[in-house]
Amino acid sequence: MDPTIALVYTFVFGSLYLGMALGFTIIAGVLRIFNLAYGALFLVAAYSVWFFWKDVGLTFGISLILAFIPVAAFAAFTYLAVVRPFIRTEDYMLAALICVFIIVEEIINYFYPEIVGVYLPTKVAEGTVKIGTASVPGQMLFAAAVSLTMIVIYLLFFIKTKTGLIMRAISQDPYASKIVGVNFDKMFVISMVIASIPPAMIIILIAPVWALDPFVGWSLFSYAIIVTVLGGLGNLKGTIIAAYIIGFINATVGFLIDPRMMLFSSLVITVAVLVVKPKGLARAESIW
Amino acid sequence: MVRLEPRRGRLILHLARRKFDWVIETRYWRNPTIGFLIWLLLPIVIYYFASLIGLKPVALLSTLISANILAMICIPLTLQIIGTGRVNFGPHFFVAIGGYVAALLSKNFDVHPALTLFTAFAFGCLIGLALSPITIISKGLYFVLITLLLPFILWEFVYWRSDIFGAETGIPGVELLFWTGDLITDLMYYFYLSFIITFVLLLISDRVLRSRYGFLMGVINEDEEIAATYGTNVNRIKIITFTLTSGAIAIAGWFLAHYQGSFTGPAWLTPAFLVIILLTTTLGGKGAIYGIVISSYVIAILREVTRTTLGEFSTVALFTILLIFLYLLPEGFWGLYRKKRYREYAPSIRIRRREVT
Amino acid sequence: MLKVENLTKRFGGIIAVNDVSFEIEKGEIVGLIGPNGAGKSTLINLISGFYKPDKGKIVFEGKDITKIEMFKRAKLGIARTFQNSRIVSNMTALMNVLYAIIGRENGENISLHEAYVESIYYLDLFGLLKKRDILASDLPIYELRLLELARALALRPKILLIDEALAGLNPVEAENVSKLINRIKEEFNLTIIWVEHVLKVLMRSVERVLVMHYGKLIADSTPAEVVRNQQVIDAYIGEEAV
Ligand SMILES: Nc1ncnc2c1ncn2[C@@H]1O[C@H](COP(=O)(O)OP(=O)(O)OP(=O)(O)O)[C@@H](O)[C@H]1O
Ligand SMILES: [Mg+2]
């Protein structure tokens, strides 16, 4: 295989997976929980745009912006209604979170089944871009760039702002932060909300190239899980490394062996790594 | 004059000058016997009841069978959770393993169901044994994650080799266990077979949990470092538990394959099925194996009722109800009946446990 | 009986136990003291197998046990208590003794009934018989300390490692516990290493004291000599100054 193709697709896939996993990692890092309802955010985002655009009749641009309101509301709701009541009983919490995910999925499937043909015309770049011998759909490249930008913004947020600092402190030592008097509820809601933005952005951008149906959440979510788990459950450095490793695996497996084996091989490799390094690539001592 | 007087542990009915009193303190019941009898007679009662009011008993019977299947999965799972101190989020992986083994053997090599049962169990054990090191290496959320990924792997694998596994069309042509020509009779047979399997699993689990090993498993569930500090070979117990319970869960897959005459992995490898299994286990009452029988019946019946009455909206309704149960019944169904009796150890299932001192 | 050679344990940058060597004879009762963070608990954890040492050797009754798993050390006769009383709080007092007995016998050589009877014996020894059916989470700290000793004793150990049996107790209770420790030592023919911060009580009960400071063993002699040792005084004064 041409190394350029491998390189370009590693970059594109890696960046996309990073974008999908970003919010999930933040939640795992700050709240130290595993938000299994995360996949629903993709759906809420995409279908909210459609709802505002087609059902309410707003312009597409306004719908795009308004869609972030239900997304944020859903994230806050997840925390307040599911995570907080079950914070001490994690088995209940995880089960309840999957429950919420399935409920959202089914509600959306009820109102907008696949035959409705939901699509989002967010195509910014037409056609394919040629980089050396590799040709990439321009939209994918654009989405990858946006996802990289988001990473940078979030890193700056965690490093520069006071809220980001507090979140890092919580992720490092929740016990000490509690003593210092951090308002956990507020911080957790904020984390959940800011963590809900990246998946929404990603789904909106890749909607034109990715088939949109009410059950698309799980396939995107599975990449978020793989990357986050491989990266060490809530460590952004690890997540970045893991995203590009998975990107590389998918690029090579997809082009060299069989595209249908992409997810399978990433899963197998992730589990294999976890068996050797049970805590992922970077130990999740803190978020950054 | 009729007066009903509820007292602590008993209900007294004053009828004129006579008094009837019922002990409702469950402690004095011969609970296991009563439960067993109800369970045993349930399909027959339902059958006659249904024919009395002109209902078709087929749906009712198959609901009972699916309840038994659920219990077949959840009883070994509970045992596994207690004995390994970890919550397995991939039990349906082992169901699918059992199902595929039985279906492939039966379809391609015409193997007798008794033999496929044995192979399914053995293969489940084998895979469980191969995976058992993860019960030692990882714990808490990490264990949840690895086990959560297992069904996804199988799912992808099944789609990749759809020539063998048939992906979403499944593997047809599996030998049926009972084929009398009369659907109701068949279903009765299937019910009693699943009943026997569940009951045997229940008895075995009960015996194990009451034994010395069961007690040590309880300690592992609470704090495996303490168990090791006081002389328990924790790893051995964890590996044995994980291996055997994995095999036992695979039996449910075997039953499914021979009951439906085909096996379709993607139908069972879904997160929805995982949630149903997990909620059956937790709503059963945190490690109470008797509670699981209750909760699997409640959930299976609930699933059937929502499916028939609500149509397209049924899944939403079902999971909403289950979610509400989670809020309202933190102790599970069994917790409603079980009095706090300290003499009996009641396991508490948690995912994240205390780290090193 | 127990020999420790050049034992070293690092946690990241800190050297919690630094090149510690000593030997303990059968039947001795040895105090192990030192300021907070000196590495006493880490040393206990190394001997009982909780941690693997980075360097060094642990020899128990002539057998190198450095690489042996924790549960096997328990079977060899090394029992311990925990600084923060790690009792299984979801079990009754009796059950907490019971699993030590079943664990000791591999779960094989003893019936559940015999194990019950035996645990009652140990509970009675510490005056906990009346509390046998009370959940450990409902027991006060004094009884938890006693229960921990009972549980450790149920292993039929040869050596008992005690990590702060008196912390959080009032003087009367502390006196009781210390007397009990001396009594079981005689009755069960035990060797004891006893980590304690309550020096007054400890010094009266032991024949020999090991002092640790910043992971190093800085003194090893009789209680009378230790209190006159300049290094030891400095270590403790240093702590108070902080
Ligand atoms: N699991 C661990 N991880 C990292 N550092 C540790 C760990 N256990 C102990 N330490 C460090 O090792 C040093 C020695 O700790 P240790 O608990 O052995 O002290 P100690 O003498 O028992 O103190 P105390 O009297 O307070 O109980 C301390 O600096 C502690 O922070
Ligand atoms: Mg200590």
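All values reported here derive from a predicted model rather than from experimental measurement.

1. Details of the sheet that holds strand β1 (residues 2–11) of chain C
Residues and elements named next belong to chain C. The four strands are arranged β2-β1-β4-β5 in an open sheet whose pairing can be described as antiparallel. Two strands in the sheet have a free side with no partner beyond their single neighbour: β2 (14–24) and β5 (63–64). Bridge analysis of β1 against β2 gives seven bridges, and the strand direction is antiparallel. The partner of Arg10 across the bridge, within β2, is Ile15.

2. Some words on the site of ligand 1
Residues and elements named next belong to chain C. Taken together, 13 residues lie near ligand 1, and Lys40, Ser41, Thr42, Gln83 and His197 sit nearest. One of the side-chain N or O atoms of Asn36 is found 2.8 Å from an oxygen atom in ligand 1. Counted by class, the shell around ligand 1 contains four nonpolar, seven polar and two charged residues.

3. A few points about the layout of surface pockets
All names here are of chain A. Its boundaries defined by the atoms lining it, the second largest pocket holds a volume of some 1200 Å³. At six residues, helix α10 (residues 216–231) tops the list of elements feeding residues into the lining of the second largest pocket. Tallied by class, the residues present in the lining of the second largest pocket amount to 24 nonpolar, six polar and six charged.

4. Some words on the state of the cysteines
As enumerated under the stated definition, the model contains zero disulfides over all chains in all. Among the cysteines around A:Cys99, which has no disulfide bond, B:Cys74 carries the closest sulfur, lying 14 Å off. A:Cys99 gets classed as buried once you look at its relative accessible area, which sits at 0%.

5. What to know about the confidence of the model for chain C
Low pLDDT marks stretches whose predicted atomic positions should not be read closely. Per-residue confidence for chain C gives a mean pLDDT of 89, with 98% of residues at or over 70. The ipTM, which scores confidence in the relative placement of chains, is 0.89 for this predicted complex, and the corresponding pTM is 0.89.

6. Describing the domain arrangement of chain C
Residues and elements named next belong to chain C. One can read the domain layout of chain C as domain 1 (2–77 + 157–241) and domain 2 (89–156). A separation of 24 Å is found between the C-alpha centroids of domain 1 and domain 2. Taken together, the 21 residues of domain 1 in the interface contact 16 residues of domain 2. Here domain 1 meets domain 2 over a buried area of about 1500 Å², counting both sides, of which 72% is carbon and sulfur.

7. As for the coordination of the magnesium ion (ligand 2)
Each pair of donors in an ideal octahedron of six around a metal sits at 90 or 180 degrees, and each pair in an ideal tetrahedron of four sits at 109.5 degrees. All names here are of chain C. Around the magnesium ion (ligand 2), the protein contributes the donor atoms Ser41 (OG) and Gln83 (OE1), at 1.8 to 2.2 Å from the metal centre. Taken together, the residues span a long stretch of sequence, with Ser41 in helix α1 (residues 40–48) and Gln83 in the loop between β6 (78–80) and α3 (93–104) at a distance of 42 residues. Residue class for Ser41 comes out partly exposed when judged on its relative accessible area of 21%. By relative accessible area, Gln83 is classed as partly exposed at 35%.

8. Details of the side chain of B:Arg303
Residue and element names in this part refer to chain B. Position of Arg303 relative to the elements: it lies in helix α14 (residues 289–310). Of the side chains with opposite charge, Glu304 lies nearest to the buried Arg303, which makes no salt bridge, at 6.4 Å. Not counting residues up to four positions away in its chain, the partners in contact with Arg303 are Ser66, Ile276 and Leu318.

9. Regarding the interface of chain A and chain B
Across the contact, 43 residues belong to chain A and 43 residues belong to chain B. For the pair chain A and chain B, the summed buried area comes to about 4000 Å², and 79% of that belongs to carbon and sulfur atoms. Area buried by chain A at its contact with chain B is led by A:Asp91, A:Tyr92 and A:Phe264, which between them contribute 16% of it. Those elements giving two or more residues to the side of chain A that touches chain B turn out to be α4 (68–83), α5 (90–111), α10 and α12 (262–276) of chain A. With 14 residues, the single largest contributor to the side of chain A that touches chain B is α5(A). Split by residue class, the side of chain A that touches chain B holds 32 nonpolar, four polar and seven charged.

10. Overview of unusual backbone geometry
The residue C:Asp19 is not glycine, and still its phi comes out positive at about 55 degrees. The phi dihedral of C:Glu61 is positive, around 50 degrees, even though this residue is not glycine.

11. As for the interface of chain B and chain C
Taken together, the 29 residues of chain B in the interface contact 36 residues of chain C. Roughly 2900 Å² of surface becomes buried between chain B and chain C when both sides are summed, with 61% attributable to carbon and sulfur atoms. Inspection of the region where chain B meets chain C yields two salt bridges. Notably, a salt bridge pairs C:Arg86 with B:Asp223, separated by 3.1 Å at the nearest N-O pair. Taken together, the connections running from chain B to chain C amount to seven residue pairs in polar contact (both at pLDDT 80 or more). Contributions of two or more residues to the side of chain B that touches chain C are made by α9 (212–222), α10 (224–229) and α11 (234–260) of chain B. Here the element with the most residues in the side of chain B that touches chain C is α9(B); it accounts for seven residues. Broken down by class, the residue content of the side of chain B that touches chain C amounts to 12 nonpolar, eight polar and nine charged.

Rules behind the numbers
Residues numbered from 1 in each chain as written. Chains lettered and ligands numbered in written order. Predicted model: local features only at pLDDT ≥ 70, side-chain atom pairs only at ≥ 80, totals over all residues. Heavy atoms only, no water. Pairing = 2+ DSSP bridges. Helix = DSSP H or I, 4+ residues; strand = E, 2+ residues; numbered from the N terminus. Near = heavy atom within 4 Å. Polar contact = N/O pair within 3.5 Å; in protein donor to acceptor, adjacent residues only side chain to side chain. Nonpolar A, V, L, I, M, F, W, Y, C, P; charged D, E, K, R; others polar. 1 Å grid on protein atoms, 1.4 Å probe; cavity = no way out; pocket = protein on both sides within 12 Å on 5 of 7 lines; lining within 4 Å. Points joined across faces, edges and corners; volume = space filled by probe spheres on them. Disulfide = S-S within 2.5 Å. Buried < 20%, exposed > 50% of the residue type's maximum accessible area, 1.4 Å probe, protein only. pLDDT = per-residue confidence, 0-100. Domains from an automatic or database assignment. Contact = heavy atoms within 4.5 Å. Buried area = accessible area lost by both parts, 1.4 Å probe. Donors = N, O, S within 2.8 Å, 3.2 Å for Na, K, Ca; no water. Lys, Arg positive; Asp, Glu negative; His and termini not counted. Salt bridge = Lys/Arg side-chain N within 4 Å of Asp/Glu carboxyl O.

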